[in-house]
Amino acid sequence: MTYSSSQGFLLKRINFLVLACLISMFLHGCSSQSDAAWKTMQMGFRDEAAQIEKSPLKNNLSYLRVNINGLDVLLVKGYVDPDPLGPVDVWYSSDGSVMRIQQGRYLGSIGFDQNWQEVSRKDAPSLDLLVKSEVAMASQNTPVPIKTVKKYFSTQSYFAMPSYLMMRDERISAVISSTVPDSIPSSIKKYLNNKDLIWVAETPQPNDLFKKKGASFAWYGFVKNNSGFEQVVGQQCLSKDFCITWTQWPPQP
């Protein structure tokens, strides 16, 4: 993984906060349980998908399987950060890499070969409500509609590393689709084959006719359940050549 000096300073601060949070969390349990949980978290990054599938998991921990541009890793939820726009789930690995997710969307990372930091979004609708509203427009006897006209509904800003690119108020549009995107890696796609997924695609748009649209894009896959719709996979491509894809682990039946 690639770090800059500023990332190293921030990473030390995050590691300290994570460690403090873990100490507080584990003090409420017996030492044997704490030791077992800590050993489980130390598995962190693995470079073989088969190792993740055979790794023992602890019932008191939440896991995320993440494919980082072809590398399958397992992250553990450290804590939930309160935020006016919705809670932020903070996931981490044993090597100190950190990824943040807010209401199903990627909200930045530290420690990957490419990262977005200081991510913010304006007027971004709930993905769950977006799916519900689009599906409600279709008859129960017809396929999920695929939008042919994109809606500009939000903007996003971020600081890209290691390119040091600052993006401000990038316009984002969305479409609903029932087709599995080609960018989903096979190691995760195989767990989605038996599910009837509904997809939300988010793509950046040019601010004017003289600018090209951005290279990033995102996909979010949902399944219908008794209470509505549940997100089972997410993908944020920071560029045309670098995608981060995540799903709950272990996979749900």
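Residues numbered from 1 in each chain as written. Predicted model: local features only at pLDDT ≥ 70, side-chain atom pairs only at ≥ 80, totals over all residues. Heavy atoms only, no water.

Draft legend 1. Spotlight on the overall build of the protein. Scanning the protein for helices and strands turns up 5 helices and 12 strands. When the 253 residues of the protein are sorted by exposure, 46% land in the buried category. Counted over contacts in the protein with a minimum sequence separation of 6, partners at least 24 positions apart contribute 51%. (Helix = DSSP H or I, 4+ residues; strand = E, 2+ residues; numbered from the N terminus. Buried < 20%, exposed > 50% of the residue type's maximum accessible area, 1.4 Å probe, protein only. Contact = heavy atoms within 4.5 Å.)

Draft legend 2. Seen up close, the pairing of strand β1 (residues 63-68). Here β1 lies mainly inside the structure; 6 of its 6 residues are buried. Going residue by residue along β1, you find Tyr63, Arg65 and Asn67 tucked away on one face and Leu64, Val66 and Ile68 tucked away on the opposite face as well. As paired strands, β1 and strand β12 (residues 242-249) are joined by 6 bridges and run antiparallel to one another. From the neighbouring strand, arginine 65 faces β12, where its bridge partner is threonine 247. With 6 bridges connecting them, β1 and strand β2 (residues 71-81) associate as antiparallel partners. Bridging from a neighbouring strand, tyrosine 63 pairs with valine 76 of β2. Joining the antiparallel neighbours β1 and β2 is a turn of 2 residues, in which asparagine 69 adopts a positive phi near 55°. (Pairing = 2+ DSSP bridges.)

Draft legend 3. Up close: the packing of aromatic side chains. Per the stated rule, a full pass over the model turns up 5 aromatic pairs. Cluster of aromatic residues (ring-pair linked, three or more members): Tyr106, Trp116 and Tyr158. The residue whose ring lies beneath arginine 65 is tryptophan 249, and the NZ or CZ to ring-centre distance is 4.7 Å. Lying across the ring of phenylalanine 229, lysine 224 places its NZ or CZ 4.8 Å from the centre. (Phe/Tyr/Trp six-rings, centres within 6.5 Å; stacked < 30°, edge-to-face > 60°. Lys NZ or Arg CZ within 6 Å of the ring centre and 35° of its normal.)

Draft legend 4. The arrangement of the sheet that holds strand β6 (residues 115-122) in detail. Across the sheet, which stays open at both edges, the 12 strands sit in the order β5-β4-β3-β2-β1-β12-β11-β10-β9-β8-β7-β6 with antiparallel pairing between neighbours. The open sheet is flanked by β5 (105-110) and β6, the only strands paired with a single partner. In this sheet, adjacent strand axes meet at a mean angle of 30° when their direction is disregarded. Inspection of the sheet shows strand β11 (residues 228-239) paired to β12 by 6 bridges, in the antiparallel sense. Its bridge partner being in β12, glycine 234 is matched across the sheet by tryptophan 246. (Axes fitted to C-alpha atoms, helices over the stretch in contact; angles between N-to-C directions.)

Draft legend 5. Looking closely at the state of the cysteines. Enumeration over the complete set of coordinates arrives at 1 disulfide. In this model cysteine 237 forms its disulfide with cysteine 243; the gap between the sulfur atoms is 1.9 Å. Linking cysteine 237 and cysteine 243, the disulfide has an S-S dihedral of approximately 100° and is accordingly described as right-handed. Just as cysteine 237 is buried, cysteine 243 falls in that class too. (Disulfide = S-S within 2.5 Å.)

Draft legend 6. Focus on the pairing of strand β9 (residues 198-205). Within β9, 8 of the 8 residues are buried, which leaves it mostly tucked inside the rest of the structure. Bridging between strand β8 (residues 165-177) and β9 involves 7 bridges; their strand directions are antiparallel. Note that in β9 the partner of arginine 171 across the bridge is glutamine 205.

Draft legend 7. Focus on the nonpolar core. Formed by 43 residues in total, the largest nonpolar core has its most connected members in Leu64, Val66, Met99, Val200, Ile244 and Trp246. It is β2 that provides the largest number of residues to this core, a total of 5 residues. When sequence neighbours within four positions are dropped, the list of residues in contact with leucine 64 reads Val73, Leu74, Leu75, Trp91, Met99, Ile101, Trp246, Thr247, Gln248 and Trp249. Counting residues in each nonpolar core, the second largest holds 11 residues, with Ile184, Ile188, Ala201 and Trp219 among its members. (Core = buried A, V, L, I, M, F, W, Y, C linked by side-chain atoms within 4.5 Å.)

Draft legend 8. View of unusual backbone geometry. Here the residue pair methionine 161 and proline 162 is connected by a cis peptide bond, since its omega of 5° sits within 30 degrees of zero. As for its placement among the helices and strands, proline 162 is situated in the loop between β7 (151-161) and β8. The phi torsion at glutamine 103 lies on the positive side, around 50°, for a residue other than glycine. Tracing the sequence through the fold places glutamine 103 in the loop between β4 (98-102) and β5. When its relative accessible area of 49% is taken as the criterion, glutamine 103 is described as partly exposed. Non-glycine residue glutamate 118 carries a positive phi angle of around 55°. Following the sequence through the fold, glutamate 118 ends up in strand β6.

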